[in-house]
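Next come the chains, spelled out residue by residue.
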Amino acid sequence: SEKLEEMTLVKRMAQEYVELERVWALSLDANVIRRVKHDVRRTHQPGADQSREASASSRAQMEQVLLRYLNYHPCEYDRGLVYLLGPFVHVYSTEREVYYCFEALLSRLD
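My aim in this report is to walk through the structure given alongside it, one point at a time. This one's a predicted model, so the numbers in the text were calculated from it and none came from an experiment.

Once that is clear, we can look at the nonpolar core. Ranked by size, the top nonpolar core spans 24 residues in total, and within it V36, L66, L85 and F102 carry the most contacts. Ranked by the residues each element gives to this core, the list is headed by helix α3 (residues 52-72), at six residues. Once you skip the residues sitting within four places of it in the chain, L85 turns out to touch M62, V65, L66, V98 and F102.

Okay, the side chain of R68 next. Within the secondary structure, R68 sits in helix α3. A polar side-chain atom of R68 sits 2.6 Å from a polar atom in the side chain of Y17.

Across its 14 residues, helix α2 (residues 30-43) extends 20 Å between first and last C-alpha, which sits within 8% of the 20 Å expected from 1.5 Å per residue. Along α2, the positions that sit buried rather than exposed are V32, I33, V36, D39 and V40. All buried residues of α2 lie within an arc of 135° about the axis, which places them on one face of the element. Exposed residues on α2 whose side chains face more than 90 degrees from its buried face are A30 and R34. One side-chain oxygen of the residue at the start of α2 lies 2.8 Å from the amide nitrogen of N31, identifying that residue as D29.

Criteria and cut-off values
Residues numbered from 1 in each chain as written. Predicted model: local features only at pLDDT ≥ 70, side-chain atom pairs only at ≥ 80, totals over all residues. Heavy atoms only, no water. Core = buried A, V, L, I, M, F, W, Y, C linked by side-chain atoms within 4.5 Å. Buried < 20%, exposed > 50% of the residue type's maximum accessible area, 1.4 Å probe, protein only. Helix = DSSP H or I, 4+ residues; strand = E, 2+ residues; numbered from the N terminus. Contact = heavy atoms within 4.5 Å. Polar contact = N/O pair within 3.5 Å; in protein donor to acceptor, adjacent residues only side chain to side chain. Expected span 1.5 Å × (residues − 1). Arc of directions from axis to C-beta.

These results come straight from atomic positions and should not be treated as a statement about function.
As structure tokens, this is what we get:
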């Protein structure tokens, strides 16, 4: 019942995310892309408990999630989005989970 509903939701979200990846044609301004990449690099430095490879992977994931979010949710980019996204990257194991949690947070703040 509840477990089945949760599994159905997770499956639906996985399919939606695959679709987002499949049809994603980046239509963002080059300046926004540059700012996102710069802000992620500047604010997300490797920690003492994190290797350079893990940090680079986290940064790449943050860039992808932010750019995908901005592509599908028209809003003004602000550096604060990087700070809001950061904890999700450390807590969740997949980019899909990070994206949907970040999207849920921003929908509540809107």
